[in-house]
Amino acid sequence: MINLKLTVASFCLITSAFSAQVKDTLAEKMMVYQLPNGGWGKHNSDKKNVDYTKKIDAKLLKVIKANDNDLATIDNNATSKEINGLIKAYGTTKNPAYLKSAEKGIEYLLSMQYKNGGFPQYYPNSAIYRKQVTYNDNAMINALTILYNVSEGKEGFDAVDQKLKEKSKIAVQKGLDCILKTQVMQNGKLSIWADQYNEVTLVPEKARAFEPMSLATGESVGILKFLMMQPVTPEIEKSIRFAVQWFDESRIKDHTYQVSREGEKAIRTLSKKEGSSVWARFYDIPTNKPVFGDRDGSVKFNYEEVSEERRMGYSWYNEAGTKLIDNDYPKWLKRNKLSQ
């Protein structure tokens, strides 16, 4: 008689051994690039951007091994991209090394969060603007989205260790508190959010020379989408309603912003288009006028006065508010049975 228990046990061992050997090429590279503190950099020790399409030869491996924790960042999707990629690879392969690497990345995100709930752009590197609480390029929202998925067991994160789920739930609540605290009061009325804030006072600050202290539209849409994922509280409802109202009142009507190319050069044009709306990337906090920064640190209120290099090398307008007002907001109201 065949020992069924033994057969099943043997099958499980064989399956487990096979799964552990299954490899995902991208995930394998991500593990090589992972820094000792669990985070990832957007560029290497040689100042060149991380490029996962490149083969890791002896020369590149030497560069990677010279990377240190000061390169760890959540800017430009770094760290969030890798954690998501590793979790996806784990879901496909069940290779425990990918889950372990992703969990180390999650621990890094938890370690970098300030007590006030904010996230710096870099950690532990605190030079210049890197220590500021940073919404720019969705840095903080990317980190919070991962922690939200961990805490809720969504998007493949159900496999993550229970202790990390519990810690992530606390971190998300702290992050939400920070988001609500940093919504800018403009002329006595809630508006949207700035790009970055002082990490202690939570007062808006400037970052790079051409990124003045101002309200940031693209990032604020990302923040609102994250808020719309959360259970509705009176504070969250108020925050969303006022921010959407700001977008509606601040739109630049009958305009479009187009990007074309002449060879490798980007040509960015703001032009008339009936029925279309755009928003400036930045708005001056006291006046709510579109504001533009330049390489020399100067601030301008006229787009045409910006140097050609910055005018063509930076996206100064966007249409992000259109989908927010016409689609995301009505769906959120309906989903939560709220009146217009």
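Quick note: structure is the one above.
The present account deals with the structure reproduced in this document.

Rules used throughout
Residues numbered from 1 in each chain as written. Predicted model: local features only at pLDDT ≥ 70, side-chain atom pairs only at ≥ 80, totals over all residues. Heavy atoms only, no water. Salt bridge = Lys/Arg side-chain N within 4 Å of Asp/Glu carboxyl O. Buried < 20%, exposed > 50% of the residue type's maximum accessible area, 1.4 Å probe, protein only. Core = buried A, V, L, I, M, F, W, Y, C linked by side-chain atoms within 4.5 Å. Helix = DSSP H or I, 4+ residues; strand = E, 2+ residues; numbered from the N terminus. Axes fitted to C-alpha atoms, helices over the stretch in contact; angles between N-to-C directions. Parallel < 35°, antiparallel > 145°, perpendicular 65-115°, else oblique. Left-handed = near helix turned anticlockwise from the far one by under 90°. Contact = heavy atoms within 4.5 Å. Nonpolar A, V, L, I, M, F, W, Y, C, P; charged D, E, K, R; others polar.

Counted under the stated rule, the structure contains 14 salt bridges. Between Asp248 and Arg251 there is a salt bridge, with the nearest N and O atoms lying 2.9 Å from each other. Of the residues examined, Arg251 reaches a relative accessible area of 22% and is grouped as partly exposed. Members of the salt-bridge network, linked through shared partners, are Asp137, Glu219 and Arg281.

Below, the discussion takes up the nonpolar core. By size, the foremost hydrophobic cluster in this structure holds 86 residues, and its most contacted members are Ile106, Ile179 and Trp193. In terms of residues, this core owes the most to one element, helix H6 (residues 139-152), which gives 9 residues.

Take the packing of helix H5 (residues 96-112) against helix H7 (residues 162-182) next. Where H5 contacts H7, the two axes come as close as 11 Å, and the packing angle between them is 30°. One way to sum up the angle between H5 and H7 is to call them roughly parallel. In the packing of H5 onto H7, the handedness of the crossing is left-handed. On the side of H5, the interface is formed by Glu103, Ile106, Glu107 and Leu110, while H7 contributes Leu164, Lys167, Ser168 and Ala171. When grouped by side-chain class, the residues that make up the contact of H5 with H7 number 4 nonpolar, 1 polar and 3 charged.

By themselves, these are just geometric observations and shouldn't be taken as functional.
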